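So you can see what is in the structure, the chains are spelled out below.
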Amino acid sequence: MFAITMREFKSLFKSTRSIIIIIFIFGITTGSAKLISQFKAQLMDLGLGDNAYVGGLMILLFMASPLFVTSISNSIVNKEIDSKTIRFLATKTSRHNIILGKFLGNVLFWFLCLMIALLLIIPFSKAFYFSEFLQSIIYVSYFIGLTIFLSTIIRNPSLTMFLGITISIILPILGIWGIFSENLLIKFISYLTPYFYYTHENTFYTYFVLIFTFTYLMLSLIVFKRRDL
């Protein structure tokens, strides 16, 4: 499993889209931190405090990370099934290890990206935002799990890309809409997204998102175990 994790982790850094996303995240993070540092006194008066430094990164992740994750990992499983390389992996390790290794490889990639992004803020904030870092990892893991699940149940990589990107655009809209809507269906859908839990005044609710990540992962393991390679 460790070998698959590192293989997935390294392959993500070789992708042009991944490099563009990394540069974009780092640019937004440092740019917003520099801007906020110029208006620190005014922000303190508004009661935002030092947490404002991480605001740019959190807003970016909140709105764009679904698209980021699906754009670089949309065919994480079915592409290898389509190219038959998955058969070679299946002879070396269990199917469970393949799915878990791919999941951990993606989590490790985002772990490093978000870690560096928050380290870039330290010269301005003089602090590392561990709580926000942990919440960001949990948030991104939801979409990693969802992407792996879609790539496991759908055989066509092109269809996965289209469906993944479509969902990554629609899901934030429905999730945020459901927070304010009185429509029972829309509100129910929002409960299935991380947005309801991340907008709750109690930050402990963010950890409930791990339940969805675990569910997507378990469903992927069940489907992949029964799939004919």
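Residues numbered from 1 in each chain as written. Predicted model: local features only at pLDDT ≥ 70, side-chain atom pairs only at ≥ 80, totals over all residues. Heavy atoms only, no water.

Caption draft 1: Summary view of empty space enclosed by the protein. Inspection of the entire model under this criterion finds one cavity of 30 Å³ or more. As for the largest cavity, its lining consists of Thr70, Phe143, Leu146, Thr147, Leu150, Gly164, Ile167 and Ser168. Within the residue set of the lining of the largest cavity, elements represented by two or more residues are helix H9 (130-153) and helix H10 (157-180). Considering every element that reaches the lining of the largest cavity, the biggest residue donor is H9, with four residues. Tallied by class, residues from the lining of the largest cavity come to four nonpolar, four polar and no charged. (1 Å grid on protein atoms, 1.4 Å probe; cavity = no way out; pocket = protein on both sides within 12 Å on 5 of 7 lines; lining within 4 Å. Points joined across faces, edges and corners; volume = space filled by probe spheres on them. Helix = DSSP H or I, 4+ residues; strand = E, 2+ residues; numbered from the N terminus. Nonpolar A, V, L, I, M, F, W, Y, C, P; charged D, E, K, R; others polar.)

Caption draft 2: Region of the structure containing the environment of Thr93. Assignment of secondary structure puts Thr93 in the loop between helix H6 (85-92) and helix H7 (95-119). Taking the C-alpha atoms as reference points, Thr93 and Leu163, separated by 70 residues in sequence, lie 29 Å from one another. With residues near it in sequence (within four places) discarded, Thr93 still touches Met1, Ile4 and Ile98. Only 2.9 Å separates the side chain of Thr93 from the side chain of Asn97, close enough to count as a polar contact. (Contact = heavy atoms within 4.5 Å. Polar contact = N/O pair within 3.5 Å; in protein donor to acceptor, adjacent residues only side chain to side chain.)

Caption draft 3: Molecular detail of the layout of surface pockets. As a volume, the largest pocket reaches approximately 420 Å³. In terms of lining residues, the largest pocket is bounded by 16 residues, among which Glu8, Ser11, Ile72, Ser75 and Lys79 are the most central. Looking at the lining of the largest pocket, the elements with two or more residues in it are helix H1 (2-13), helix H4 (55-73) and helix H5 (78-82). Examining the composition of the lining of the largest pocket, we find that four residues originate from one element, H1, more than from any other. For the lining of the largest pocket, the per-class residue count stands at four nonpolar, six polar and six charged. A volume near 230 Å³ is recorded for the second largest pocket. Those elements giving two or more residues to the lining of the second largest pocket turn out to be H4 and H9. In terms of residue class, the lining of the second largest pocket is made up of six nonpolar, five polar and no charged.

Caption draft 4: Geometry of the packing of aromatic side chains. Throughout the structure, instances matching the rule amount to 22 aromatic pairs. For the ring pair Tyr197 and Phe212, a centre distance of 5.8 Å and an interplane angle of 50° mean the geometry is tilted. Highlighted residues: Tyr197 in helix H12 (residues 194-198) and Phe212 in helix H13 (residues 209-226), separated in sequence by 15 residues. We note that Tyr197, like Phe212, is buried. (Phe/Tyr/Trp six-rings, centres within 6.5 Å; stacked < 30°, edge-to-face > 60°. Buried < 20%, exposed > 50% of the residue type's maximum accessible area, 1.4 Å probe, protein only.)

Caption draft 5: Spatial organisation of the packing of H10 against helix H11 (residues 184-191). Taken N-terminus to C-terminus, the directions of H10 and H11 make an angle of 120°; their axes are 7 Å apart at the nearest point. The orientation of H10 with respect to H11, classified from their angle, is oblique. Here the hand of the crossing between H10 and H11 comes out left-handed. Residues Leu174, Gly175, Trp177, Gly178 and Ile179 of H10 pack against Ile186, Lys187, Ile189 and Ser190 of H11. (Axes fitted to C-alpha atoms, helices over the stretch in contact; angles between N-to-C directions. Parallel < 35°, antiparallel > 145°, perpendicular 65-115°, else oblique. Left-handed = near helix turned anticlockwise from the far one by under 90°.)

Caption draft 6: Main features of a nonpolar patch on the surface. On the surface, Leu119, Phe128, Phe130, Leu134, Phe204, Tyr207, Phe208, Leu210 and Ile211 cluster together into a nonpolar patch covering about 810 Å² of accessible area. For the nonpolar patch, the secondary-structure elements that each account for two or more residues are H9 and H13. By secondary structure assignment, the location of Leu134 is in helix H9. (Patch = residues over 30% accessible without salt bridge, like charges linked within 9 Å, V, L, I, M, F, W, Y side chains within 5 Å. Areas by Shrake-Rupley, 256 points an atom, 1.4 Å probe, with all protein chains shown as cover. Salt bridge = Lys/Arg side-chain N within 4 Å of Asp/Glu carboxyl O.)

Caption draft 7: Structural context of the nonpolar core. Ranked by internal contacts, the top residues of the largest apolar core, which has 55 residues, are Ile25, Leu57, Phe109, Trp110, Tyr142 and Ile144. Those elements that place two or more of their residues in this core are H1, helix H2 (16-38), H4, H6, H7, H9, H12 and H13. Sort the elements by how many residues they give to this core and H9 lands first, with twelve residues. For Trp110, the contacting residues outside a window of four places in its chain are Ile21, Ile25, Phe68, Val69, Ile72, Ile137, Val140 and Ile144. (Core = buried A, V, L, I, M, F, W, Y, C linked by side-chain atoms within 4.5 Å.)

Caption draft 8: Inspection of the packing of H9 against H10 at higher detail. Where H9 meets H10, the axes come as close as 10 Å, and the angle between the chain directions of the two elements is 145°. Both H9 and H10 take part in a crossing whose hand is right-handed. Two secondary-structure elements touch here, H9 through Tyr142, Phe143, Leu146, Leu150 and Ser151 and H10 through Thr160, Leu163, Gly164, Ile167 and Leu171. In the contact of H9 with H10, the residues fall into seven nonpolar, three polar and no charged.

All we've got here are geometric facts, nothing functional implied.
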